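Chain and residue survey
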Amino acid sequence: MRKTALLAIVAAAVFGIAAVAYASNTYSVTIATVTPTKAGTKINPKPVFVNFGYQVADTANNRPSVTTDYIIGFGRNIQNGRKYFKGNLTCTIAQAGYVSGTAPKCPATARAGNGSVQNIAGLASDPTSKINCYLALTAYVGDGKAVPAANNDGIAVKNDVVLALKGSSNPDPAKNCDLTVDAGIPAQFTTFRGGTALKFHVRKAPFQEPAPGVENSVVNVTSKVGKAVRVRTVINRRVVFVSHGLFESTGCTGGNHAVTVQFTPRTGSSQVANKSAPCRK
């Protein structure tokens, strides 16, 4: 994105443009893998990495309407082990910048994955206007504390995983973003369709509406998340160290984990898309 294009969009938003109706969003899960594919068991869960991606498009090939809330489910045989991560292996609410409104400054020891988020920004009144905004995604283990609803558009959430987003100027337009959207999104572990899931809300500022009259729509996300830690445990009066993961596999049913994403747009009803992640016993 070039700053001149961004300034033109903001100026147009101030003076106003006749509204153009949105068409309909379409959603798809494009990536779904869990590694290693060999599953653990309920007695001996195995730390795994989850790799997922999804796309949002518009039936008229315009900028999609803004998607505000997501639930990403990983199936009945994936559980979360966030409770095993403590101290400097986590990122606190203050470090994540939720209260102060600053960019996340999470410790490197809490890092749990990375990815990218491709957005398209444009006039809220004109879905045909499109300017790319690429954000680098870094995932950190959260501290599990409650995030004040006032810092999340009034929506209560726990800080189980920090999704830290950062844009930057880049000569490659596909990797550039001149919007000021460096911030963190708190994601909470929950249950969805009988299995472990992450849910999160995309705040109005700075993500949905990075500037007056400007909307920013997610169109493509890729992410790989997972982290393991050795936990001191007493078994039969003996001290042993057992590996636990942020995500843990406890089995494999039907040869796959069901990765399902529920998308909720700003207007209209929620939609679901899914893709199978292969596994084996």
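Residues numbered from 1 in each chain as written. Predicted model: local features only at pLDDT ≥ 70, side-chain atom pairs only at ≥ 80, totals over all residues. Heavy atoms only, no water.

1. Side note on the overall build of the chain
From N to C terminus, the chain includes three helices and 18 strands. Here the C-alpha atoms of the chain give a radius of gyration of 20 Å, agreeing with the 19 Å that 2.2 N^0.38 yields for 281 residues. Referenced to the eigenvectors of the C-alpha coordinate spread, the extents of the chain come out at roughly 75 × 40 × 35 Å. Intrachain contacts of the chain at a sequence separation of at least 6 include 70% that bridge at least 24 residues. Put simply, the chain shows about 13000 Å² of open surface, and 54% of that area lies on carbon and sulfur atoms. In the chain, which carries 31 positive and 12 negative side-chain charges, the distance between the mean positions of the two groups comes to 17 Å. (Helix = DSSP H or I, 4+ residues; strand = E, 2+ residues; numbered from the N terminus. Rg over C-alpha atoms; globule rule 2.2 N^0.38 Å. Contact = heavy atoms within 4.5 Å. Areas by Shrake-Rupley, 256 points an atom, 1.4 Å probe, with all protein chains shown as cover. Lys, Arg positive; Asp, Glu negative; His and termini not counted. Charge placed at Lys NZ, Arg CZ, Asp CG, Glu CD.)

2. A word on the side chain of His-201
With respect to the helices, strands and loops of the structure, His-201 is situated in strand β12 (residues 195-201). Judged by relative accessible area, His-201 falls into the buried class, the value being 7%. Of note is the side chain of His-201, whose polar atom sits 3.0 Å from the side chain of Asp-69. Aside from chain neighbours lying at most four places away, what touches His-201 is Thr-68, Asp-69, Asn-152, Asp-153, Ile-155, Ile-185 and Gln-208. (Buried < 20%, exposed > 50% of the residue type's maximum accessible area, 1.4 Å probe, protein only. Polar contact = N/O pair within 3.5 Å; in protein donor to acceptor, adjacent residues only side chain to side chain.)

3. Focus: the environment of Gly-268
The residue Gly-268 is located in the loop between β17 (256-265) and β18 (271-278) in this model. For the pair Gly-268 and Thr-90, spaced 178 residues apart in sequence, the C-alpha to C-alpha distance is 36 Å.

4. Overview of the sheet that holds β18
With respect to topology, eleven strands assemble into an open sheet ordered β1-β3-β13-β6-β7-β10-β11-β12-β4-β17-β18, the strand pairing being antiparallel. The open sheet terminates on both sides in strands that have one partner only, identified here as β1 (25-35) and β18. The mean angle between the axes of side-by-side strands here comes to 25°, regardless of whether they run parallel or antiparallel. (Pairing = 2+ DSSP bridges. Axes fitted to C-alpha atoms, helices over the stretch in contact; angles between N-to-C directions.)

5. Comments concerning a nonpolar patch on the surface
There is a patch of nonpolar side chains on the surface, built from Val-234, Val-239 and Phe-241 and spanning about 280 Å² of accessible area. Relative to the assigned elements, Val-234 resides in strand β14 (residues 228-235). (Patch = residues over 30% accessible without salt bridge, like charges linked within 9 Å, V, L, I, M, F, W, Y side chains within 5 Å. Salt bridge = Lys/Arg side-chain N within 4 Å of Asp/Glu carboxyl O.)

6. Digging into the sheet that holds strand β5 (residues 78-80)
Taken in spatial order, the three strands of this open sheet run β2-β16-β5, and their pairing is antiparallel. Strand pairing shows two members of the sheet lacking a second neighbour, β2 (46-47) and β5, which therefore form its edges. Here three bridges tie β5 to strand β16 (residues 247-249), and the two strands are oriented antiparallel to one another. Residue pairing for β16: Gln-79 is matched across the bridge by Glu-248.

7. Notes on unusual backbone geometry
Of note, the bond from Thr-35 into Pro-36 is cis; its omega dihedral lies within 30 degrees of zero at -5°. Inspection of the secondary structure assignment puts Pro-36 in the loop between β1 and β2. Its identity as a non-glycine residue notwithstanding, Asn-61 has a phi of 65°, on the positive side. Backbone geometry at Arg-193 places phi at a positive 55°, although glycine is not the residue there. Considering the arrangement of structural elements, one finds Arg-193 in the loop between β11 (183-192) and β12. Given a relative accessible area of 54%, Arg-193 falls into the exposed group.

8. Examining the state of the cysteines
Summed over all chains, the structure comprises three disulfides. Across a sulfur-sulfur distance of 2.0 Å, Cys-91 and Cys-106 are joined as a disulfide pair. The disulfide joining Cys-91 to Cys-106 has a torsion of about -65° about its S-S bond and is therefore left-handed. Residue Cys-91 is located in the loop between β5 and α2 (93-96), and its partner Cys-106 is located in the loop between α2 and β6 (111-123); the two are separated by 15 residues in the primary sequence. Paired through a disulfide, Cys-133 and Cys-177 show a sulfur-sulfur distance of 1.9 Å. The sign of the S-S torsion, about -75°, decides the handedness of the disulfide formed by Cys-133 and Cys-177: left-handed. Linking Cys-133 in strand β7 (residues 131-141) with Cys-177 in the loop between β10 (161-167) and β11, this pair joins segments that are 44 residues apart in sequence. Grouping residues by exposure puts Cys-133 and Cys-177 together as buried. By sequence-ordered numbering of the bonded cysteines, the chain has its disulfides arranged as 1-2, 3-4, 5-6. (Disulfide = S-S within 2.5 Å.)

9. Regarding empty space enclosed by the protein
A full pass over the atoms with the stated rule returns one cavity of 30 Å³ or more. As a volume, the largest cavity reaches approximately 270 Å³. Lining the largest cavity are 24 residues, and of these Tyr-54, Val-117, Leu-163, Ile-185 and Phe-200 lie nearest its centre. Within the residue set of the lining of the largest cavity, elements represented by two or more residues are β3 (49-58), β4 (67-73), β6, β7, β10, β12, α3 (204-208) and β13 (214-225). No other element matches β13, which puts five residues into the lining of the largest cavity. A per-class count over the lining of the largest cavity returns 19 nonpolar, five polar and no charged. (1 Å grid on protein atoms, 1.4 Å probe; cavity = no way out; pocket = protein on both sides within 12 Å on 5 of 7 lines; lining within 4 Å. Points joined across faces, edges and corners; volume = space filled by probe spheres on them. Nonpolar A, V, L, I, M, F, W, Y, C, P; charged D, E, K, R; others polar.)

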